[in-house]
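Breakdown of the fold
If you want the building blocks of each chain, they are given just below.
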Amino acid sequence: METHVSPDFPSLNELLELVTFTLDTIKDAVKRLSKGGISADHAVLASLPTHLPMVPILLHLEAIQQETTDYYYQADNSLDNERVPDALGLRDRQAIVQAIDLFVIFEVHPRLAPGVGIPLSKRVNSEAVAQVFQALREQPLLSSASATVWPPSGELDLEQIALRLTGIIARRQRGDVASILAEKAVADLIPSLLQLSYAPLPPTHDCAKDPVFWIHRNYMVVADPDRRIELRKRFTRLFDSSNAFVLLETLTSLLNASLDTRGAKWFRTLCSRFLSRVMMRPNGVHVTVDFIAGNDDDGLDAAKLGRIANLLLTPPAGMDRSEYYAKVVPQIVAMAIPAATSSSSSSLNSSSVDPEDEHGDAKQMVDYIMDKAASQERTAQAAVFALQTMAANDTKAFVEYVANPILLPIKRWFDERIDERKANPTVDPISRAL
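Predicted, not measured: the structure shown is a model, and the values here were computed from it.

Our next topic: the pairing of strand 2 (residues 219–222). Regular strands place side chains that alternate from one sheet face to the opposite one. Where burial is concerned, the two faces of strand 2 agree: the one with Y219 and V221 and the one with M220 and V222 are both buried. Sheet analysis places strand 1 (residues 212–215) next to strand 2, joined by four bridges and oriented antiparallel. Residue pairing in the sheet places I215 in a bridge with Y219 of strand 2. Linking two consecutive strands that pair antiparallel, namely strand 1 and strand 2, is a turn of three residues; a positive phi of about 55° is found at H216 within it.

In structure tokens, the structure reads:
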């Protein structure tokens, strides 16, 4: 593997050596295990190193982050006004991604409870790491529990790992370890933090006596209230600073994986709750629809439209419906607005729909913000379908959050014109305005 040519980051060259050593160790184990039967494999396992250098890899990731931070600080304070080159090159980034993948495989994933986390087969980013790990798992002796070859280090626990990795991400700049972690490790940090700080505790657990609870005696959950609060704060900061599309991809994958493995209900509930919170971000609904729609050139079928509508219109557990609708429904309406701008003005008149009549023709209200051309666009099509679903299933909410905001300004405009006419009967303010 080619090393970094710059002397500015000594920890990077050392990390490259650690990654190379780890990959070579795994390859050697696979090669030796492939030569003998099960009895011979036990002897091979006994001769392998007891631990891989995962703790040194974490230490070097932290050191490289500090070195790149110093690099950017010095560059920003120099008199040279030219653009500062990125601290890390392509090969440097590849090595860091490999280091992160190895750390996740051997330190993070074995500490997650069943059904919490994305399967490693769908999680590894580096092709080189994926190949050696798959070869390792294919060995007959290891096919059911590859993590038992090199157990997690006793020097770390999941809480320490989560705090240290989120600590790196909090120092994010462009082109550094933190930005790579924020892109590649969110899928590992989210389930780690949820397990540590949100997993339910048995009613009989004495938090004062034992600040940690173990699921099945193997998977860590923090019981101490203050530590749980701090971990939840870390999760909130990570969630708020992460890209919306990355969050949707991560939370959907976590939810699907938990369903496939019949994971804990509390975990699925949390994933669903935070999926809804992504939609409450500015432009969150648009990103969500784009994510679900994918790149299907055939458009959205009824099943996918129904899935989108159900997701958009379902408040997260524990959240007031009014609060949720107030943030999400205006985004849905805005996605359908292109239809309103292209509709003929004659179709939009205040006398045809009474916004006070909650049992009126709700579909006619939807027609005000759609036309056939706009509905062919994925976002407008999904938005209109969601509004039609809302009108059919919850007319009162539709009138409050869709019809009134659209129609009442028009009604107010006409009321003002009528008041002017009463004040001056010789002038027709409506004809003058038109």
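Moving on to the side chain of T68. Take T68: it is sitting in helix 3 (residues 54–76). In contact with T68, other than residues within four places in its own chain, are F9, A87, L88 and D176.

Attention shifts here to the confidence of the model for the chain. Per-residue pLDDT for the chain has a mean of 79; in total, 77% of the residues score no lower than 70. For residues 368–376, every residue scores under 50 in pLDDT, and the model assigns this stretch 31 contacts once sequence neighbours within four places are set aside.

With that settled, consider the side chain of D176. Inspection of the secondary structure puts D176 in the loop between helix 7 (158–169) and helix 8 (177–184). Residue D176 is classed as buried on the basis of its relative accessible area of 0%. At 3.1 Å, the side chain of D176 and the side chain of Q65 are in polar contact. When residues no more than four places from it in sequence are discounted, the contact partners of D176 are Q65, T68, L88 and R171.

Before going further, it helps to spend a moment on helix 10 (residues 225–241). Taking 1.5 Å per residue as the helical rise, helix 10 with its 17 residues ought to reach 24 Å, and the 24 Å between its terminal C-alpha atoms agrees with that figure. R228, L231, F235, L238 and F239 are the residues of helix 10 that are buried. All buried residues of helix 10 lie within an arc of 100° about the axis, which places them on one face of the element. In helix 10, the exposed positions angled more than 90 degrees off the buried face are occupied by D226 and D240. Its buried side turned inward, helix 10 meets helix 7, helix 9 (186–198), strand 2, helix 11 (244–260) and helix 12 (265–279). The backbone nitrogen of D226 lies 3.2 Å from a side-chain oxygen of the residue at the head of helix 10, namely D224.

Reading the values: the criteria
- Residues numbered from 1 in each chain as written.
- Predicted model: local features only at pLDDT ≥ 70, side-chain atom pairs only at ≥ 80, totals over all residues.
- Heavy atoms only, no water.
- Buried < 20%, exposed > 50% of the residue type's maximum accessible area, 1.4 Å probe, protein only.
- Helix = DSSP H or I, 4+ residues; strand = E, 2+ residues; numbered from the N terminus.
- Pairing = 2+ DSSP bridges.
- Contact = heavy atoms within 4.5 Å.
- pLDDT = per-residue confidence, 0-100.
- Polar contact = N/O pair within 3.5 Å; in protein donor to acceptor, adjacent residues only side chain to side chain.
- Expected span 1.5 Å × (residues − 1).
- Arc of directions from axis to C-beta.

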